[in-house]
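Summary of structural features
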Amino acid sequence: MEKRSQRASDRSIFAPAQCRRRERFMGVLIMGRAAASVDQMQQYLKSKNPSVAQSVLDMIPLYLSEGEVEGVKGDIAFAQSCLETGNFTFSGSAVKLDQNNFCGMGVTKKGEKGNNFPSPQLGIRAQVQHLKAYSCNQPLKQTCVDPRFHYVKRGMAEYVEWLGIQENPNHTGWAAGKGYGEKILKIHDDILKESEGKRMRINVHAGHNFKVPGASGVFSETAEARKVKDLVISKLRAAGHTVYDCTDENSGTVNGNLAAIVAKCNAHAVDLDVSIHFNCYNSQAHGTEVFIYNWGSASESYAQRIVDRIGELGYTKRGVKASSSLYVLRHTAGPALLVECCFCDNAEDAGRYTAEKMANAIVAGITGNPMSGNTPSGNTKSWLSRGDTGAEVATWQKTLNTFGSEVNADGDFGPDTEAQTIRVQRLVGVNPDGCVGEKTKSAVSEYLKKNNWIQVRDGRWWYRHADGGYIKNDWEKIGGVWFHFDGNGWMQTGWLQDNGKWYYLKANGAMVANDLVRTGGKVYYVDKSGKMCYTDSSGALK
């Protein structure tokens, strides 16, 4: 988050006493979303280790997908692996490639071999979980596979710089060597300097098969999904992308079909999994929609573009929807999306449909390119979108960083800038299409003219005043409720000691007053000023 000016808050007679003001270290957070792409990480590694095994290049997307699940920056984890393994040469390293241990986990003294993991994915997952143990107190999202997770005192190294024991103010960390965190950041900076190519690795499959067919109406979902799938694959391959056809034609049950598709998808480390379907309901429902597993995933920006491109063909845009119940989305290892192209039982949708146009729209959504004839040519383009470069992009990136996006203000509108644009568009209430036009700029401008809560990309909150000011190491009354902010302006939660008195802040930051607090299996009473009250031996309040 960029530095902000400080301003004082007004206080009432019931305001808790002011905390002692103190400055805190501002470094590079371990928690958050990755800035580097798979392509940049692969290019960096090939430049440092030209003979690197293809199996290593294929597993690099796992750093982003595993990191995204736990909220850890996967590109930081990858940079750490490059440091620990000598850019995967394993020269002088305490671990070897076949251990699937790419961070020296378990090497607590010279001569130890370190831990072994059954697959690269589980090795990377353990590394991500170990980083999360150091950087925060949040619970794990997945089953713990890190054998050393419980040895870590949680939250003792929230910054990359603090992973080195010598630099950590708590005198703990990942490694004892001097400047350990700075070495990771140097590698990370070099990764980000790699120019991002346009080639992707993509899984594509048509849903169902003729033994367990899908929907049927004016036309057959099973038949048309295969036509669209074949065209999408051929068009992506013609554009230079690596594409795997993961369609299952042999299984005779629904469950078998789904399992076979997922097995084929997970056989490849890819940037994106694409599942192609057609909807069916009551012959009246119509339009296009794309499902992703959860909001904020790497597939969200692709999904939004696909909806927009199919919408340009005249279909109603039902939007992007998050669903954790769809089997393929839940079980594929890479970022995944499921396209419901249109309703095969709706006459209007069916009359508009051709496989060629549908495939063109999906390909345009995946690659970020416009469909022929749909975008103004020359200098008439009045919005910013992925692929644009220049000073105007850099200005927009700086605006994103006002919202805690932490993008590189390098004037290059890449995938991270697009993802953060979508996040901010959702916050200010405009269509989250990843494109920056007048509506988005106007909504952002109006939002920043008011006092507003802003959540940064790693999940923390601060309260921005219209003049850019903020409360630091103090209390502020917002909407009639007291909140407390730490030395960097971040909203605090849980128990807080202020001037020798204890106060309780809910998960949303609001201070509890004149009420009971039930936490840790105990019950406490706080008075109307929010102060925790003590009782004598009879239970009466003191």
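Residues numbered from 1 in each chain as written. Predicted model: local features only at pLDDT ≥ 70, side-chain atom pairs only at ≥ 80, totals over all residues. Heavy atoms only, no water.

The name that an unreviewed UniProt entry assigns to the protein chain is N-acetylmuramoyl-L-alanine amidase, with the source organism given as Blautia celeris.

Concerning the overall build of the protein chain
Broken down by element type, the protein chain carries 15 helices and 15 strands. Classification of the 542 residues of the protein chain by burial places 52% in the buried group. Put simply, of all contacts in the protein chain between residues at least 6 apart along the chain, 60% involve residues at least 24 apart. On the protein chain, roughly 24600 Å² of surface is accessible, and the fraction owed to carbon and sulfur atoms is 49%. (Helix = DSSP H or I, 4+ residues; strand = E, 2+ residues; numbered from the N terminus. Buried < 20%, exposed > 50% of the residue type's maximum accessible area, 1.4 Å probe, protein only. Contact = heavy atoms within 4.5 Å. Areas by Shrake-Rupley, 256 points an atom, 1.4 Å probe, with all protein chains shown as cover.)

A short note on the sheet that holds strand S3 (residues 272-279)
A sheet is described by the order of its strands in space; here six strands give the open sequence S2-S1-S3-S6-S4-S5, paired in mixed fashion. Two strands bound the open sheet, and with one partner strand each, they are strand S2 (242-245) and strand S5 (317-322). Within the sheet, the average angular offset between the axes of one strand and its neighbour, ignoring direction, is 20 degrees. Bridge analysis of strand S1 (residues 201-206) against S2 gives four bridges, and the strand direction is parallel. For asparagine 203, the partnering residue across the bridge sits in S2 and is tyrosine 244. Relative to strand S4 (residues 288-292), helix H9 (residues 300-311) is tilted by about 175 degrees, and along the sheet it contacts S3, S4, S5 and strand S6 (336-343). Its contacts with the sheet place helix H12 (residues 355-367) against S1, S3 and S6, and it is angled at close to 150 degrees to S6. (Pairing = 2+ DSSP bridges. Axes fitted to C-alpha atoms, helices over the stretch in contact; angles between N-to-C directions.)

What about the nonpolar core?
By size, the foremost hydrophobic cluster in this structure holds 49 residues, and its most contacted members are Leu45, Phe78, Phe88 and Leu163. At the level of elements, helix H1 (38-48), helix H2 (54-59), helix H3 (61-70), helix H4 (74-85), helix H5 (120-135) and helix H6 (180-192) are the ones that each hand at least two residues to this core. In contact with phenylalanine 88, not counting residues within four places along its chain, are Leu45, Asn49, Val52, Val56, Met59, Tyr63, Phe78, Ser81, Cys82 and Phe102. Counting residues in hydrophobic clusters, the runner-up holds 39 residues, among them Val204, Ile233, Leu272 and Met358. (Core = buried A, V, L, I, M, F, W, Y, C linked by side-chain atoms within 4.5 Å.)

Observations regarding the packing of aromatic side chains
The tally for this structure, following the rule as stated, stands at 17 aromatic pairs. Centre to centre, the rings of tyrosine 63 and phenylalanine 78 are 5.4 Å apart; their planes meet at 75 degrees, and the pair counts as edge-to-face. Here tyrosine 63 is found in helix H3, whereas its partner phenylalanine 78 is found in helix H4, with 15 residues between them in sequence. When its relative accessible area of 0% is taken as the criterion, phenylalanine 78 is described as buried. Ring geometry for phenylalanine 403 and tyrosine 447: centres 5.9 Å apart, planes at 40 degrees, overall tilted. In this pair, phenylalanine 403 sits in the loop between helix H13 (391-402) and helix H14 (415-428) while tyrosine 447 sits in helix H15 (residues 438-448), placing the two residues 44 residues apart along the sequence. Classification of phenylalanine 403 as buried rests on a relative accessible area of 0%. The class for tyrosine 447 is buried, based on a relative accessible area of 14%. Put simply, the rings of Tyr63, Phe78, Phe88, Phe90 and Phe102 pair up and form one aromatic cluster. In this arrangement the basic side chain of arginine 352 is found over the ring face of tyrosine 315, its NZ or CZ atom lying 5.5 Å from the centre. The ring of tryptophan 490 carries the charged tip of arginine 460 above its face, separated from the ring centre by 4.1 Å. (Phe/Tyr/Trp six-rings, centres within 6.5 Å; stacked < 30°, edge-to-face > 60°. Lys NZ or Arg CZ within 6 Å of the ring centre and 35° of its normal.)

Here we look at the pattern of salt bridges
Under the counting rule described, the total for this entry stands at 20 salt bridges. With a shortest N-O distance of 3.2 Å, aspartate 58 and arginine 201 are connected by a salt bridge. Of the two residues, aspartate 58 is situated in helix H2 and arginine 201 in strand S1; the sequence distance between them amounts to 143 residues. For glutamate 66, the salt bridge identified is with arginine 125, shortest N-O distance 2.8 Å. Taken together, the residues glutamate 66 in helix H3 and arginine 125 in helix H5 connect sequence positions 59 residues apart. With relative accessibility at 4%, the residue glutamate 66 sits in the buried group. For arginine 125, a relative accessible area of 15% translates into the label buried. Residues joined in a network through salt bridges with shared partners are Lys229, Asp230 and Asp245. (Salt bridge = Lys/Arg side-chain N within 4 Å of Asp/Glu carboxyl O.)

So, the UniProt feature "repeat: Cell wall-binding" (unreviewed entry) in the protein chain
Per the UniProt annotation, the sites labelled "repeat: Cell wall-binding" (unreviewed entry) are residues 492-511. When the span residues 492-511 is considered, its composition is 0% helix and 50% strand, and the gap between its end C-alpha atoms is 10 Å. (UniProt positions renumbered as here; feature names shortened; annotations may be inferred.)

Quick look at the environment of alanine 333
Along the chain, the position of alanine 333 falls in the loop between helix H10 (327-331) and S6. For the pair formed by alanine 333 and cysteine 265, sequence separation is 68 residues and the distance between their alpha carbons is 7.9 Å. Each residue touching alanine 333, except ones within four places of it in the same chain, is listed here: Ser65, Gln121 and Asn266.

Things to note about the sheet that holds strand S13 (residues 515-519)
Strand order in the open sheet made by the three strands is S13-S14-S15, with antiparallel pairing throughout. What marks the edges here is a single partner per strand, and that holds for S13 and strand S15 (532-533). Bridging between S13 and strand S14 (residues 522-526) involves five bridges; their strand directions are antiparallel. The partner of valine 517 across the bridge, within S14, is tyrosine 524.

Points about the confidence of the model for the protein chain
For the protein chain, per-residue confidence averages 85 on the pLDDT scale, and 90% of positions sit at 70 or higher. Note that pLDDT drops below 50 for residues 1-25; the model gives that stretch 69 contacts with residues more than four away or on any other chain. This model gives residues 372-380 a pLDDT under 50, and the stretch forms five contacts once residues within four places in sequence are excluded. (pLDDT = per-residue confidence, 0-100.)

Brief notes about the packing of H3 against H4
How two helices sit against one another is set out by the angle between their axes and by the gap between those axes. Close contact between H3 and H4 brings their axes to 7 Å; oriented N to C, the two are set at 130 degrees. As judged from the angle between their axes, H3 and H4 are oblique. H4 is crossed by H3, and the crossing has right-handed handedness. Contacts between H3 and H4 pair Tyr63, Leu64 and Gly67 from the former with Gly74, Asp75, Ala77, Phe78 and Ser81 from the latter. Residue composition of the contact of H3 with H4, by class: four nonpolar, three polar and one charged. (Parallel < 35°, antiparallel > 145°, perpendicular 65-115°, else oblique. Left-handed = near helix turned anticlockwise from the far one by under 90°. Nonpolar A, V, L, I, M, F, W, Y, C, P; charged D, E, K, R; others polar.)

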